Number of protein chains: 12
Amino acid sequence: MATVKSPLNDEARKITAEALQGALIDLIDLSLFAKQAHWNLNGRNFKIVHEHLDEVVELARTYTDEVAERAIALGINPDGRVRTVADRTRIPQLEPGYVADDKVVAAVTDVLAQMIERFRERVRATDEPDPVTQDLLIQATRELEKQHWMFQAQV
Amino acid sequence: MATVKSPLNDEARKITAEALQGALIDLIDLSLFAKQAHWNLNGRNFKIVHEHLDEVVELARTYTDEVAERAIALGINPDGRVRTVADRTRIPQLEPGYVADDKVVAAVTDVLAQMIERFRERVRATDEPDPVTQDLLIQATRELEKQHWMFQAQV
Amino acid sequence: MATVKSPLNDEARKITAEALQGALIDLIDLSLFAKQAHWNLNGRNFKIVHEHLDEVVELARTYTDEVAERAIALGINPDGRVRTVADRTRIPQLEPGYVADDKVVAAVTDVLAQMIERFRERVRATDEPDPVTQDLLIQATRELEKQHWMFQAQV
Amino acid sequence: MATVKSPLNDEARKITAEALQGALIDLIDLSLFAKQAHWNLNGRNFKIVHEHLDEVVELARTYTDEVAERAIALGINPDGRVRTVADRTRIPQLEPGYVADDKVVAAVTDVLAQMIERFRERVRATDEPDPVTQDLLIQATRELEKQHWMFQAQV
Amino acid sequence: MATVKSPLNDEARKITAEALQGALIDLIDLSLFAKQAHWNLNGRNFKIVHEHLDEVVELARTYTDEVAERAIALGINPDGRVRTVADRTRIPQLEPGYVADDKVVAAVTDVLAQMIERFRERVRATDEPDPVTQDLLIQATRELEKQHWMFQAQV
Amino acid sequence: MATVKSPLNDEARKITAEALQGALIDLIDLSLFAKQAHWNLNGRNFKIVHEHLDEVVELARTYTDEVAERAIALGINPDGRVRTVADRTRIPQLEPGYVADDKVVAAVTDVLAQMIERFRERVRATDEPDPVTQDLLIQATRELEKQHWMFQAQV
Amino acid sequence: MATVKSPLNDEARKITAEALQGALIDLIDLSLFAKQAHWNLNGRNFKIVHEHLDEVVELARTYTDEVAERAIALGINPDGRVRTVADRTRIPQLEPGYVADDKVVAAVTDVLAQMIERFRERVRATDEPDPVTQDLLIQATRELEKQHWMFQAQV
Amino acid sequence: MATVKSPLNDEARKITAEALQGALIDLIDLSLFAKQAHWNLNGRNFKIVHEHLDEVVELARTYTDEVAERAIALGINPDGRVRTVADRTRIPQLEPGYVADDKVVAAVTDVLAQMIERFRERVRATDEPDPVTQDLLIQATRELEKQHWMFQAQV
Amino acid sequence: MATVKSPLNDEARKITAEALQGALIDLIDLSLFAKQAHWNLNGRNFKIVHEHLDEVVELARTYTDEVAERAIALGINPDGRVRTVADRTRIPQLEPGYVADDKVVAAVTDVLAQMIERFRERVRATDEPDPVTQDLLIQATRELEKQHWMFQAQV
Amino acid sequence: MATVKSPLNDEARKITAEALQGALIDLIDLSLFAKQAHWNLNGRNFKIVHEHLDEVVELARTYTDEVAERAIALGINPDGRVRTVADRTRIPQLEPGYVADDKVVAAVTDVLAQMIERFRERVRATDEPDPVTQDLLIQATRELEKQHWMFQAQV
Amino acid sequence: MATVKSPLNDEARKITAEALQGALIDLIDLSLFAKQAHWNLNGRNFKIVHEHLDEVVELARTYTDEVAERAIALGINPDGRVRTVADRTRIPQLEPGYVADDKVVAAVTDVLAQMIERFRERVRATDEPDPVTQDLLIQATRELEKQHWMFQAQV
Amino acid sequence: MATVKSPLNDEARKITAEALQGALIDLIDLSLFAKQAHWNLNGRNFKIVHEHLDEVVELARTYTDEVAERAIALGINPDGRVRTVADRTRIPQLEPGYVADDKVVAAVTDVLAQMIERFRERVRATDEPDPVTQDLLIQATRELEKQHWMFQAQV
């Protein structure tokens, strides 16, 4: 089967692949994490937090697609299968059942803070090998940091 | 923590919970399966199949949300966390890397055919205990069968 | 040539096929009937009846497509060819030439009343073999009964 | 004066009439109840609850119209006059003057819980005599149960 | 519980309260009156009058909200509960059952003519105490007079 | 009953009537032909041909209405009843059941080629008697020739 | 002052100027005529005729602009001043005060019939000197004949 | 023929009628004046002035309709026929043929300045007899004064 | 340089100028005040208050433009330069750094209450000299009082 | 390779081909000419001319596509490759670097005047062989003449 | 009170804070500067410059919000209070009263040229400490340089 | 004639000019190349490739404008005249006449691959002299690489 010819050399492609695959895992699980909280939420601020979580889902889904399509455009096969995500995700999982609104706010703040660290590392790693990919990761980071502030502000 | 008071009795709720949680697993994994194919696709019909798969993703995401919110409205906690989905999904997983367009079409046809069987079973199961849930499952089944036809027609 | 594999067994498919094919004939001819009246209308209430008839056309076209695609999704080939419709339609045909507005209102009321009887019979027939098809026929019936009321109210 | 010829027999029409007229009273008063709270609300969660109540008003108005037009389409005259609603409503009335946000949330939760019981009864009652009406009542029940969950979650 | 501090003195607020509460009763019942006619209508002009009545409902609902929110913004609690409206409305009630189109047109013309007199009195009454409220009542009056003309023109 | 007074003399009206009625038969049957293929389609190019056929349906329906309303505006009664169309159509009918995508493409190309010949003849015929009608037929011909090219290009 | 250089020779421009200026007078007065009737209308069909007249106003305004801009594009100064229109219009004027709906329908039918004769003459006149202008006049004639039919149908 | 019953007494209606009829003449001729300039314009600022004049036309047409419908709603027959406007307009007419952009700007500024004086007089005159009409005239005056400033600013 | 000729006499213009310039200062600083809070907000109700503040910014910006353009239309030069606003604003300034959500709600309530007093004084002042300006100030006051109520309700 | 079967005979196709290919060259270069001026423009009227030129680009691109698709629909291969356009264009080229606004206005006026002559010749040439193509060329000519007037008016 | 935890270290945050706070002052005053000119403008090019200035306001407001929210997302409190802006702005202030269009064009060109220098310095300064912030400043610079060109082109 | 003052020094401007002018040639010819294929296409995948090519045209046109306006904003005159593009383009030209769909897919893949190399070189070249331009080129590169992948995937 034909493979996509990459505009990057092997070394650059390898580093970029790692950054993009890592980002993909983070973003897919962020969307599932936020949906889980969106459904099982409880507490006086239910309505506004319920809606706020869908902004996070939207953000996560948008960049999931951008990141995966960026990978394949470079000849890198993204792996977003459920088993792969489950095995490699570094996002701490929610307990099953109801979750209180203040706990959700704290948990999302933490998840985003950890993801931001990893995204900033990916921005650094791709600076040399592929500034085009780096630019995409910078945009994603800015959106994650904006959401991180808004959740942290209500802790 | 307050729990949502269900309009169903315990027996009805238990059957309905099983149907909805099963549907949830199916739908979340369908969205990840279709995205994986959407990205790693290859072949002469790439463009049209690539776009067609996003219709499936859209369908899966819409009913994921409907099904999960239906569960919680009945006092049933949906579990859509990535590990839960990975452990319980009955959808056969794609191989990593490129997938040819005709193989994708065949695989999606199979996945949908299997899901339709499970959804028709859930429609039967919920007829007595909760016709409101049944009505939602009927709608989802109709959409799945429509997509099944359209993929099957191009095998 | 590949055929669409039906989720129904043979008996169920046969009953469902009859219901859907019958509905298809009714709906296609309803759209042609209403257009014929829409063009050849005459009388003081011309403008409002002229516009009202296009709502009926819209309804008929929407459900024509839904019903035919439902059939093929079940492995049933819908037949909406003009000769088939002409031979099998049970809708009484309009005279050629001008039709007065009050006669049109009366004729549409009658056509809808007869179609509703046939649709209600189809709803009953499909209850067992395919509740998914039944749900679609119920929706169509509700729309037809709404238009029936609105035409009858101005007789 | 001409009356709308019903597609139902007398017995079926009588049962269906009772279900639809009961639903109509419930829905009209729900819209007035929610507006009264929308205006006289007070408390730290004022803004989000104020907006949430308008979603309930929207839902109530939409199904008021659907239910009443369903009735008349069956030859049943709906009665939504203010005196009729005031005399027959089973929704407990709010006290005049300011109402605190947490009291509103609790009151709406109760009102919806009671209405859901009555709607589920109507769904059962119309199963035999008119599955077309039942389908409409099922949809309304699903929306009511969704709002019930969202208010209950913030109690 | 905190009460909204009014920008008006007690005397001005009292007069304004009376005007706004009176307008509220009128507008809520106008919306119910028009809907009752919208559903139970009969006659050759059914379709156009049926649609015209919904313009009245829309107008009534828009100003109901404006008037009630104007009241509470002045520290006046609007009372739009169904029993209050039923007890205080000065709008003559429709008979139950079918209503002929020409009778509806005449009845709406009368109801609007009476409401316009009351609204013009409220415009006069609020000129001194609150020109801001007066401006809102002037707008509502202009819309009511426009509808009054359009119904009267077809009597 | 009043008849529409034509701006054309008898001779001109007769020629124009023939052209418009012929076009009407062609266009109605084209819409039914394309829908039949749209539903019963099969083959690797299913999705794109399925969607392409709906563009043809849309074109056919738009000009059906334009042509019929042009006729009546000239005092000519269009006849678009199903039996009339079935008896007079010159479009070769599809076989019942599944049709392969390449056969559909070839068949639509043929149908359009034949219709274009008839439309060009109608353009010639109406040049003298009614340039206003001719202008409409020219527009329709341009659209038909555009679709003809696009189907022919994929044969 | 610079004048627009015409693509037409003097003879052609003179004939075209006459056709366009004549059309301009007709169209401006048609818009004023229809508005006068729109406001002073009376009778059982008030609402639908009132709205229908605004379609005529819209048509008249659209072609007023097209016709005048066509003239100036050919170096012909259109004259649409009120005194010019009042002096040269050939449209019979309405009586002041209320006009009954059936009289309006008859009057609009007549006005359109007369305008159509003049437009058809202009179509003939411009065939040789400027087919581009002719094409615009053909379009306008088609719209006028469509409205003529719709008013005539309700006489 | 039925006449619209006015909410005003005879004296008030007479004053209001004069104000509204005067405004109507002004607004209709303003729309024709601005269109005449829009078409025959010439000069370096052609494009921006050409577009600016259409804002004036839009304003004039909007308030023409509001003012005329306000009149008839009060039982006053508006007279917007072309001869009436031509005879009574107080707007100085443009010369035929090309008009230079700076002359147009000056002329529009003058026309608006004169209209504003007349509108302010009408605002004063209607204060007592009909504050509802006055409110409409105030809105129109504000829009006219805004356009007056914008034309004057470029003189 | 040309100055805009005012429709007001000197005395009226002076009073109106004072009212409009005062309103302008208030509105510009309100927009900056609300944005400062929008950014530096903190606390459990962060998300809803953050969004609510942008409604205030929107309101302030809309009326800033209306008020300034009203001034210049009267030949009054609005002064909205930052130094002018800083020197003349009567709105108490926020402390730098984070502000808690309840403090923001209280502060906005106070700022609006004070502005409303000043706006009501401006409404009174402009009644005689310019009712057109007064009408604009009345509209602004109504919007400010609506927001004042909504913030006060959550104190 | 399959070629598109033309509805024209050889002679007619040859003449039509020449007209369409000529128009294509004109339109493609017009779009590049107007963009070049759009970017390198200079002078007091920069902003409005800059925007006006994009209307010309839009017009040129729209008809480029219409003309080329009309050609291929007739079995004529359009040639819009850059080298072909550069070799055959008859549009005088702009000097490189800045161009003053008045020079641009004059140059566009000239270019359009010349193109209009060629388009009018093409309209004449296609009258016999293909009235469908002629109709498209007439529309394009009308748009070009409208833009020609608007540029010429500001020279 | 909780403070937002920054993803930057102290040194990086200090440099970034300076860049963002400086940009904020520039952007807020640019929006006020452009509005002041928008209102007090005078001269032959009034209309187009008036509208062009609102594009600058729009740009300034958009980036004001982006820049301030970027700051707070990094744990930096933006200060956009009116006194702060007045004291620190480096934008030369307009004189009060009317400003001629050519002076405004020159002044905006100068203001933008100076801001661009400061923004380019901020782009350089943030390269190391925070590439995410730098990316935002690069976007803002590009928009400012685009507007700078468009104003400079008309000097 | 005034020239735009560049924010770059001479050296930086020279490098940036070369990058932008090179990109401009590439992008203009890409749009013409893709349109030529869009029209002359042939083969079983005609419809989807035909539509896909218009996405490339859209992309090329968007960045053509961005790149040229970026150049002029830096005081660099872009040259997009047809002869310049024809002489300097490095894109291999299509043969005249029909092109088969698979050949088009291969040709577009090659053209994009070559352009991407040149764009990546331009990204490198502008890093030092103008990061603002570099950011624009990075965005364009990402879009080109995305399209390259999608064409390559169907080879």
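Residues numbered from 1 in each chain as written. Chains lettered and ligands numbered in written order. Predicted model: local features only at pLDDT ≥ 70, side-chain atom pairs only at ≥ 80, totals over all residues. Heavy atoms only, no water.

Engineer: I'd like to hear about the overall build of chain A, residue by residue, with values.
Structural biologist: When you go through chain A residue by residue, the secondary structure sums to five helices and two strands. On C-alpha atoms alone, chain A measures out to a radius of gyration of 16 Å, which is about the 15 Å that the 2.2 N^0.38 rule sets for 155 residues. Along the longest, intermediate and shortest principal axes, the C-alpha atoms of chain A span 55 × 30 × 20 Å. Buried positions account for 70% of the 155 residues belonging to chain A. (Helix = DSSP H or I, 4+ residues; strand = E, 2+ residues; numbered from the N terminus. Rg over C-alpha atoms; globule rule 2.2 N^0.38 Å. Buried < 20%, exposed > 50% of the residue type's maximum accessible area, 1.4 Å probe, protein only.)

Engineer: For the relation of the copies chain I and chain D, give the residues involved together with the corresponding values.
Structural biologist: Rotating chain I by 120° and translating it 0.0 Å along the rotation axis places it on chain D, where the RMSD comes to 0.0 Å. Seen this way, the second copy is the image of the first under a three-fold rotation axis. When C-alpha distances to the rotation axis are compared across chain I, the minimum falls at I:Ile48, with a value of 4.0 Å. (Least-squares fit on C-alpha atoms with pLDDT ≥ 70 in both.)

Engineer: Just give me the short version of the pattern of salt bridges, but keep the residues and values in it.
Structural biologist: Any two side chains of opposite charge can pair, so long as their charged atoms come close to each other. All names here are of chain I. Under the definition given, this model contains 204 salt bridges over all chains. Across the pair Asp-26 and Arg-118 runs a salt bridge, and its minimum N-O distance is 2.8 Å. Of the two residues, Asp-26 sits in helix H1 (residues 10-40) while Arg-118 sits in helix H4 (residues 101-126), which places them 92 residues apart along the sequence. On the basis of relative accessible area, Asp-26 is assigned to the buried category, the value being 2%. Residue Arg-118 is classed as buried on the basis of its relative accessible area, which comes to 11%. (Salt bridge = Lys/Arg side-chain N within 4 Å of Asp/Glu carboxyl O.)

Engineer: An account of the relation of the copies chain D and chain E is needed here, citing residue identities and associated values.
Structural biologist: Overlaying chain D on chain E yields an RMSD of 0.0 Å, the required transformation being a rotation through 180° with an accompanying axial translation of 0.0 Å. Those values place the two copies in the arrangement expected of a two-fold rotation axis. Looking at chain D, 100% of its interface residues are interface residues in chain E too, so the copies touch through the same face. (Contact = heavy atoms within 4.5 Å.)

Engineer: Just give me the short version of the UniProt feature "domain: Ferritin/DPS" (unreviewed entry) in chain A, but keep the residues and values in it.
Structural biologist: Feature annotation in UniProt assigns "domain: Ferritin/DPS" (unreviewed entry) to the following positions: residues 18-154 of chain A. With 77% helix and 3% strand, the stretch residues 18-154 of chain A has end C-alpha atoms that lie 34 Å from each other. (UniProt positions renumbered as here; feature names shortened; annotations may be inferred.)

Engineer: Lay out a negative patch on the surface in plain terms, naming residues and giving numbers.
Structural biologist: Together, A:Asp127, A:Glu128, K:Asp127, K:Glu128, L:Asp127 and L:Glu128 make up a region of like negative charge exposed at the surface. Position of K:Glu128 relative to the elements: it lies in the loop between helix H4 (101-126) and helix H5 (131-152). (Patch = residues over 30% accessible without salt bridge, like charges linked within 9 Å, V, L, I, M, F, W, Y side chains within 5 Å. Areas by Shrake-Rupley, 256 points an atom, 1.4 Å probe, with all protein chains shown as cover. Lys, Arg positive; Asp, Glu negative; His and termini not counted. Charge placed at Lys NZ, Arg CZ, Asp CG, Glu CD.)

Engineer: Tell me about the interface of chain D and chain E, and please be specific about residues and values.
Structural biologist: Each partner contributes residues to the interface: chain D has 40 residues there, and chain E has 41 residues. When chain D packs against chain E, the two sides together hide about 3400 Å² of surface, and 56% of this comes from carbon and sulfur. Inspection of the region where chain D meets chain E yields three salt bridges. With its nearest N and O atoms 2.9 Å apart, the salt bridge here joins E:Asp87 to D:Arg83. (Buried area = accessible area lost by both parts, 1.4 Å probe.)

Engineer: So, the interface of chain I and chain D: which residues are in play, and what are the values?
Structural biologist: Every contact between the two is made by nine residues of chain I and, on the other side, 11 residues of chain D. Carbon and sulfur atoms supply 53% of the area that chain I and chain D bury against each other, a total of about 930 Å² over both sides. Looking at the side of chain I facing chain D, the largest losses of area belong to I:Ile48, I:Ala153 and I:Gln154, adding up to 45% of the total buried there. Connecting chain I to chain D are two salt bridges. Across the pair D:Arg44 and I:Asp101 runs a salt bridge, and its minimum N-O distance is 3.4 Å. At the surface where chain I touches chain D, the tally comes to three residue pairs in polar contact (both at pLDDT 80 or more). Elements with a contribution of two residues or more to the side of chain I that touches chain D: helix H2 (46-73) and helix H5 (131-152) of chain I. With three residues, H2(I) is the largest single contributor of residues to the side of chain I that touches chain D. Of the residues contributing to the side of chain I that touches chain D, the split by class is four nonpolar, three polar and two charged. (Polar contact = N/O pair within 3.5 Å; in protein donor to acceptor, adjacent residues only side chain to side chain. Nonpolar A, V, L, I, M, F, W, Y, C, P; charged D, E, K, R; others polar.)

Engineer: Explain the side chain of I:Asn45 residue by residue, including any values.
Structural biologist: Here I:Asn45 lies in the loop between strand S1 (41-42) and H2. Residue I:Asn45 is classed as buried on the basis of its relative accessible area, which comes to 8%.

Engineer: Got a sec to walk through the packing of helix H4 (residues 101-126) of chain F against helix H5 (residues 131-152) of chain F? Specific residues and values, please.
Structural biologist: All names here are of chain F. Direction vectors running N to C along H4 and H5 enclose 160°, while the axes themselves pass 9 Å from each other. Taken together, H4 and H5 sit at an angle that is classed as roughly antiparallel. H5 is crossed by H4, and the crossing has left-handed handedness. Across the contact of H4 with H5, the residue classes break down as 14 nonpolar, eight polar and three charged. (Axes fitted to C-alpha atoms, helices over the stretch in contact; angles between N-to-C directions. Parallel < 35°, antiparallel > 145°, perpendicular 65-115°, else oblique. Left-handed = near helix turned anticlockwise from the far one by under 90°.)

Engineer: Before we move on, can you summarise the environment of J:Gly80 with the specific residues and values?
Structural biologist: By the secondary structure assignment, J:Gly80 is in the loop between helix H2 (46-73) and helix H3 (82-88). Residue class for J:Gly80 comes out buried when judged on its relative accessible area of 1%. Not counting residues within four places of it along the chain, the set of residues in contact with J:Gly80 comprises J:Leu24, J:Ile28, J:Val85, L:Leu32, L:Gln36 and L:Trp39.

Engineer: I'd love a proper account of the confidence of the model for chain A, names of residues and values included.
Structural biologist: Within chain A, residue pLDDT values average 96, and 97% of them lie at 70 or more. ipTM for the predicted complex: 0.96, alongside a pTM of 0.97. (pLDDT = per-residue confidence, 0-100.)

Engineer: Explain H5(I) to me, using residue names and the numbers behind them.
Structural biologist: Along its 22 residues, H5(I) runs 30 Å from first to last C-alpha, staying within 8% of the 32 Å computed at 1.5 Å per residue. When you tally the buried positions in H5(I), you get 18 out of 22 residues, the bulk of the element. (Expected span 1.5 Å × (residues − 1).)

Engineer: A description of the packing of aromatic side chains should follow, citing residues and the corresponding values.
Structural biologist: As enumerated under the stated definition, the model contains 12 aromatic pairs over all chains in all. Here the aromatic rings of B:Trp149 and F:Phe46 are separated by 5.7 Å at their centres, their planes lie at 70°, and the arrangement is edge-to-face. Of this pair, B:Trp149 sits in helix H5 (residues 131-152) while F:Phe46 sits in helix H2 (residues 46-73), each in a different chain. With respect to class, B:Trp149 is no different from F:Phe46; both count as buried. Seen from the ring of E:Phe119, E:Arg122 lies directly overhead, with NZ or CZ sitting 5.0 Å from the centre. (Phe/Tyr/Trp six-rings, centres within 6.5 Å; stacked < 30°, edge-to-face > 60°. Lys NZ or Arg CZ within 6 Å of the ring centre and 35° of its normal.)

Engineer: Go over the packing of H5(B) against helix H2 (residues 46-73) of chain C with me, naming the residues and quoting the values.
Structural biologist: Two measures define how a pair of helices packs: the angle their axes make with one another and the distance between the axes. The contact between H5(B) and H2(C) brings their axes to 9 Å, and the two run at 70°. Classified by the angle their axes make, H5(B) and H2(C) are roughly perpendicular. For H5(B) against H2(C), the interelement crossing comes out left-handed. For the pair H5(B) and H2(C), contact is made by B:Arg142, B:Glu145, B:Lys146 and B:Trp149 and by C:Glu66, C:Glu69, C:Arg70, C:Ile72 and C:Ala73, respectively. Here the residues of the contact of H5(B) with H2(C) are counted per class, giving three nonpolar, no polar and six charged.

Engineer: Could you give an account of the side chain of D:His52, with specific residues and numbers?
Structural biologist: Along the chain, the position of D:His52 falls in helix H2 (residues 46-73). With residues near it in sequence (within four places) discarded, D:His52 still touches A:Lys47, D:Gln147, D:Met150, D:Phe151 and D:Gln154.

Engineer: Just give me the short version of the environment of D:Leu112, but keep the residues and values in it.
Structural biologist: Residues and elements named next belong to chain D. Note that Leu-112 resides in helix H4 (residues 101-126). Leu-112 gets classed as buried once you look at its relative accessible area, which sits at 0%. Distance from Leu-112 to Asp-26, taken between C-alpha atoms, is 9.8 Å for residues 86 residues apart in sequence. In contact with Leu-112, not counting residues within four places along its chain, are Leu-30, Leu-144, Gln-147, His-148 and Phe-151.

Engineer: An account of the environment of F:Val111 is needed here, citing residue identities and associated values.
Structural biologist: Structurally, F:Val111 is set in helix H4. Excluding residues that lie within four positions of it along the chain, F:Val111 makes contacts with F:Leu30, F:Phe33, F:Ile91 and F:Pro92.

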